[in-house]
Amino acid sequence: MNRTTDLLKIRELLQRRRRDILLASQGAQRELTSLKDQERDPEYEENAQAELADYTLSSLMEAQRREVMLIDAALRRMDTGVFGTCVDCGYDIPTERLEALPFAIRCEEDATRHELEVRGGHQATPTI
Ligand SMILES: [Zn+2]
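Residues numbered from 1 in each chain as written. Predicted model: local features only at pLDDT ≥ 70, side-chain atom pairs only at ≥ 80, totals over all residues.

Would you explain the overall build of the protein chain in this entry?
In terms of regular secondary structure, the protein chain is built from 4 helices and 0 strands. Moving toward the C terminus, one meets the helices and strands of the protein chain in the order α-α-α-α. In the protein chain, which comprises 128 residues, the proportion classed as buried is 6%. Within the protein chain, residue pairs in contact and separated by at least 24 positions form 48% of the contacts whose partners lie at least 6 positions apart. (Helix = DSSP H or I, 4+ residues; strand = E, 2+ residues; numbered from the N terminus. Buried ≥ 20, exposed ≤ 12 C-beta atoms within 10 Å, placed from the backbone. Contact = placed C-beta atoms within 7 Å.)

Here it is, written out as structure tokens:
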């Protein structure tokens, strides 16, 4: 297996995942619509249930939207040929890392450093 084959495999995974998310959110929406369409006595508990379903769906969809955005960004990076390259050091991100974290834009070392810098705020000294 070479790098190109690996990246193609990841691309397929991302595209499949994207399709799955979109199908799942369509299904959830259909379910909620049919739940709302059912004529019921306007009892408090059922209203609360519908509200909960609404809330669950919107937070679910929010998470799905975010993931689709991440997938799209990764696919765009593939199209422009920068996918799998660390944005900090410019070296290839190991395939194992990409398979586990296809949205990774940094190698493990730089990701750790970046995280420390973000957490440390402005006082953190960048190590160059
Ligand atoms: Zn790096």
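On we go from here.
What is the right way to read the environment of Gln26 from this model?
Position of Gln26 relative to the elements: it lies in helix α1 (residues 3-37). According to the C-beta neighbour criterion, Gln26 is exposed, with 10 such atoms within 10 Å. Sequence separation between Gln26 and Met61 is 35 residues, and the spatial gap between their C-alpha atoms is 9.8 Å.

What is the right way to look at helix α4 (residues 108-120) in this model?
Counting along an α-helix, one turn takes 3.6 residues, and residues three or four places apart therefore face a common direction. With 13 residues, α4 should reach 18 Å at 1.5 Å per residue; the first-to-last C-alpha distance of 18 Å fits that figure. Among the 13 residues of α4, 0 are classified as buried, and the element is accordingly described as predominantly exposed. (Expected span 1.5 Å × (residues − 1).)

Just checking my understanding: could you explain the UniProt feature "zinc finger region: dksA C4-type" (unreviewed entry) in the protein chain for this structure?
The residues that UniProt annotates with the feature "zinc finger region: dksA C4-type" (unreviewed entry) are residues 86-110. What you have in residues 86-110 is 36% helix and 0% strand, and the ends, taken at the C-alpha atoms, are 8 Å apart. (UniProt positions renumbered as here; feature names shortened; annotations may be inferred.)

How should α1 be read in this particular structure?
Between its first and last C-alpha, α1 extends 51 Å over 35 residues, near the 51 Å set by a 1.5 Å rise per residue. When you tally the buried positions in α1, you get 0 out of 35 residues, a small fraction of the element.

Explain the environment of Leu14 here, please?
Relative to the assigned elements, Leu14 resides in helix α1. With residues near it in sequence (within four places) discarded, Leu14 still touches Ile71, Ala74, Leu75 and Pro102.

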